[in-house]
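Analysis of the macromolecular model
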Amino acid sequence: MVLDPGSAAGGGLGAGAAPRLPDRHVPPLCSCPSPPPPAPGPAPRCPRGTRRLSETGAGMRRSESAGRRGGGMRAAASLPHIARGRGEEGGGRRSPCLLVALRPRNVEAERERFFRASFAYDPQFEYAEPVPAAVLDKYGAASDRFVAQAIRIIRAVLEKYGTYESFEVATGGRLLSKCQIWSVIRKYMQKEGCVGEVVVQLTDDLLSQAVMMVEDSRPTLAINLAGARQHWLEGMLRHEIGTHYIRGVNNTRQPWHSSEGRKQYSLKPANPTEEGLASLHSVLFRKQPFLWRAALLYYTIERASRLSFSALFQDLEQYVQDAGVRWEYCVRAKRGQTDTSQPGCFSKDQVYLDGILRILRHRQTIDFPLLAALGKVSYEDVNRLKKFGVLEKARIPHFMQDLERYMKQLDHIVTTNGLNEEELEQLLPD
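In this report, the structure presented in the accompanying data block is examined. The structure presented is a predicted model; accordingly, all values stated were derived computationally and were not measured.

Where helix α10 (residues 292–304) contacts helix α13 (residues 351–361), the axes come no closer than 7 Å and their chain directions differ by 120°. Classified by the angle their axes make, α10 and α13 are oblique. Along the contact surface, α10 presents R293, A294, A295, L297 and Y298, while α13 presents Y352, L353 and I356. For the contact of α10 with α13, a count of residues per class yields 7 nonpolar, no polar and 1 charged.

Attention now moves to the pattern of salt bridges. A complete count under the given rule lists 19 salt bridges for this structure. When the shortest N-O distance is used, the salt bridge between R116 and E112 registers 3.2 Å. One end of the pair is R116 and the other is E112, both in helix α2 (residues 107–116) and 4 residues apart, which spans about a single turn. Among the residues examined, E112 registers a relative accessible area of 44% and is labelled partly exposed. One salt bridge connects E168 with R229, and the closest N-O pair in it is separated by 3.6 Å. Taken together, the residues span a long stretch of sequence, with E168 in helix α5 (residues 164–172) and R229 in the loop between β5 (218–224) and α7 (233–251) at a distance of 61 residues. Just as E168 is buried, R229 falls in that class too.

Each aromatic ring pair is summarised here by two numbers: the centre-to-centre distance and the angle between the ring planes. This structure, assessed with the given rule, holds 24 aromatic pairs. Consider the rings of F114 and F313, whose centres lie 4.9 Å apart with planes at 80°: the pair is edge-to-face. With F114 in helix α2 and F313 in helix α11 (residues 309–315), the pair connects residues that are 199 residues apart, well separated along the chain. Accessibility classification places F114 together with F313 in one group, the buried group. The interplanar angle of 50° and the centroid separation of 5.9 Å between the aromatic rings of F146 and Y298 together place this pair among those described as tilted. One end of the pair, F146, is in the loop between α3 (133–138) and α4 (147–161); the other, Y298, is in helix α10, with 152 residues separating them in the sequence. Site record: aromatic cluster; members linked through ring pairs are F114, F115, F119, F125, F309, F313 and W327. Its end group placed over the ring of W232, R286 keeps NZ or CZ at 4.3 Å from the ring centre.

Of all 6 residues making up strand β4 (residues 210–215), 6 are buried, and the element is well covered by its neighbours. Judged by which residues are buried, β4 turns out to be covered on both faces: A210, M212 and V214 on one side and V211, M213 and E215 on the other are all buried. In terms of strand pairing, β4 meets β5 through 6 bridges, oriented antiparallel. Bridged to A210 within β5 is I223. Hairpin connection from β4 to β5: 2 residues lie between these consecutive antiparallel strands, with D216 at a positive phi of about 50°.

Cut-off values and rules
- Residues numbered from 1 in each chain as written.
- Predicted model: local features only at pLDDT ≥ 70, side-chain atom pairs only at ≥ 80, totals over all residues.
- Heavy atoms only, no water.
- Axes fitted to C-alpha atoms, helices over the stretch in contact; angles between N-to-C directions.
- Helix = DSSP H or I, 4+ residues; strand = E, 2+ residues; numbered from the N terminus.
- Parallel < 35°, antiparallel > 145°, perpendicular 65-115°, else oblique.
- Contact = heavy atoms within 4.5 Å.
- Nonpolar A, V, L, I, M, F, W, Y, C, P; charged D, E, K, R; others polar.
- Salt bridge = Lys/Arg side-chain N within 4 Å of Asp/Glu carboxyl O.
- Buried < 20%, exposed > 50% of the residue type's maximum accessible area, 1.4 Å probe, protein only.
- Phe/Tyr/Trp six-rings, centres within 6.5 Å; stacked < 30°, edge-to-face > 60°.
- Lys NZ or Arg CZ within 6 Å of the ring centre and 35° of its normal.
- Pairing = 2+ DSSP bridges.

Structure, rendered in structure tokens:
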């Protein structure tokens, strides 16, 4: 693990070893025992040109009346963050990644106007650059296929805990100090055998629970101090490191690591498998592994395709009381739009619940260690690809070593969220 606290005073552990996150102020570490230094030699590099941004959970801004603390974040509704990325190194104009291009540049001003209008206003978003038409076409249509399941999951959480905030406190546990966070990270990296490979930063200026990106060919994980809870932090690490990073490393060794190779082997898209698997790993060992975040994102996007921003905001009140949280969900679902008084959505975040349900439906026949070893592939391609895969020295997440326990936890997720085999088979027939 390469650690980059990025203090304003400069220096710190791992200083100079990797780039800092873009446009982020990262506070210095507390004075506790330092994590181990990086392993000798350079950290493994990702394929040239790769620049993936993966997001886990999220903290939200508090409602209009709440004061700002540590950048004005809260860890309430587990939304991914629309991150500000950094352009490619070198001269000339920098080209933003998708998430950056879709972030309205006037989002804060429109938020203030929306709240001043007592929520009776539809934001008019502006973007730094035109959103590519191909992107809007690809993600312009929402699915309602799993809406009933999404609503059932949401209601199950509210019936048991009353509000999401109560659920968060009851199941997430206390917020961790910096020292405690570093301790959890260090132990997790040791479990996965990737000490010295991933740049890790702690920050209080991040709206998401975690952001993983590849910068200058180096994997970089930023963790939100306000979202690091006692019982949820390791789940975030299983999502980002145990799933995305490990599958990415394994993928670099496969003959389908390039776009040409994927075409040659006729691979299906990595999603929804990739995000579905990572989302399952986030909740894998929770006592109450509710799929709240994936369910509410799915529902919100489906409703956004039919409603204006203000109507969507009102509709979500039945499930989310905090106005600041609802604002973030609505922005997420309406990103890419200019005039949000019109129905419309950006459907990308429906991939989480979609992938989860597909994997749970076929969990008895999926070879999960092989799914990790083959890299960024769909579960549907595993059986036919195994004879072509480079499996020697493939990395398998430590939590898959006890496969019997792993499978029991997947069964527990099915039961907790009110799903059953018959329903999954009807929804997703062979």
